[in-house]
Amino acid sequence: MPELVGAHDTPSHIHRALDSWQEHHRENDDATLYHIDLYRIEHERDLGSLGLDEIMDDDALVMIEWPERAPNLVPKSAIHVKMSITSDTKRLLTLSTQD
């Protein structure tokens, strides 16, 4: 995922609820990608310490895994990406919105 903003040699995000990558592409153009993994989150109230309100207000790309664990976090304007395994070597991506 960090490759989306041009970041390379990034550490694994396994077992962390929040990761971010920032990469400078062009003069005065920094791209920030946030990866939020909610798999281990049991209650939405557990998210308060992560500062997600500021992240969601930022002008950044935010990718949330397991969004159903915190439905109030996902904005109505979100693009939902569902990945389905179709074979050992193929995946099907389905994009949708709530609009």
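Residues numbered from 1 in each chain as written. Predicted model: local features only at pLDDT ≥ 70, side-chain atom pairs only at ≥ 80, totals over all residues. Heavy atoms only, no water.

As a further point, take the overall build of the chain. What the chain contains, in helices and strands, is one helix and five strands. For the chain, the α and β elements follow one another from N to C terminus as β-β-α-β-β-β. In the chain, which comprises 99 residues, the share counted as buried stands at 22%. Look at the contacts in the chain between residues 6 or more apart in sequence, and 38% of them connect residues 24 or more apart. (Helix = DSSP H or I, 4+ residues; strand = E, 2+ residues; numbered from the N terminus. Buried < 20%, exposed > 50% of the residue type's maximum accessible area, 1.4 Å probe, protein only. Contact = heavy atoms within 4.5 Å.)

What follows covers the environment of Glu44. In this structure, Glu44 sits in the loop between strand 2 (29-37) and helix 1 (52-57). Residues Glu44 and Arg69, 25 residues apart in the sequence, show an inter-C-alpha distance of 6.9 Å. A polar side-chain atom of Glu44 sits 3.1 Å from the main-chain amide nitrogen of Asn72. (Polar contact = N/O pair within 3.5 Å; in protein donor to acceptor, adjacent residues only side chain to side chain.)

A volume near 1,100 Å³ is recorded for the largest pocket. Met63, Ile64, Glu65, Ile79 and Val81 are the residues nearest the centre of the largest pocket, which is lined by 31 residues in total. Considering only residue class, the lining of the largest pocket consists of 19 nonpolar, six polar and six charged. (1 Å grid on protein atoms, 1.4 Å probe; cavity = no way out; pocket = protein on both sides within 12 Å on 5 of 7 lines; lining within 4 Å. Points joined across faces, edges and corners; volume = space filled by probe spheres on them. Nonpolar A, V, L, I, M, F, W, Y, C, P; charged D, E, K, R; others polar.)

Here we come to the nonpolar core. Tyr34, Ile36, Leu38, Ile41, Leu47, Leu52, Ile55, Ala70 and Leu73 form the largest nonpolar core, which has nine residues in total. Put simply, the parts of the chain that give this core at least two residues each are strand 2 and helix 1. Sequence-distant contacts of Leu47, defined by excluding residues within four places in its chain, comprise Leu38, Ile41, Leu52, Ala70 and Leu73. (Core = buried A, V, L, I, M, F, W, Y, C linked by side-chain atoms within 4.5 Å.)

Here we take up the side chain of His35. Take His35: it is sitting in strand 2. Taking relative accessible area as the criterion, His35 reaches 1% and is therefore assigned buried. Looking at His35, its side chain comes within polar contact range of the side chain of Glu65, at 2.5 Å.

So, on to the packing of aromatic side chains. The tally for this structure, following the rule as stated, stands at one aromatic pair. Seen from their ring centres, Tyr39 and Trp66 are 4.8 Å apart, and the 55° between their planes marks the pair as tilted. Pair noted here: Tyr39 is in the loop between strand 2 and helix 1 and Trp66 is in the loop between strand 3 (61-65) and strand 4 (79-85), with a separation of 27 residues, a long-range link. Over the face of the ring belonging to Tyr39 we find Arg69, whose NZ or CZ atom lies 5.2 Å from the ring centre. A cation over a ring is seen here: Arg69 above Trp66, with NZ or CZ 5.3 Å from the ring centre. (Phe/Tyr/Trp six-rings, centres within 6.5 Å; stacked < 30°, edge-to-face > 60°. Lys NZ or Arg CZ within 6 Å of the ring centre and 35° of its normal.)

What follows concerns unusual backbone geometry. At Trp66, a residue that is not glycine, the phi angle is positive and equals roughly 60°. Accessibility expressed as a relative area gives 35% for Trp66, which makes it partly exposed.

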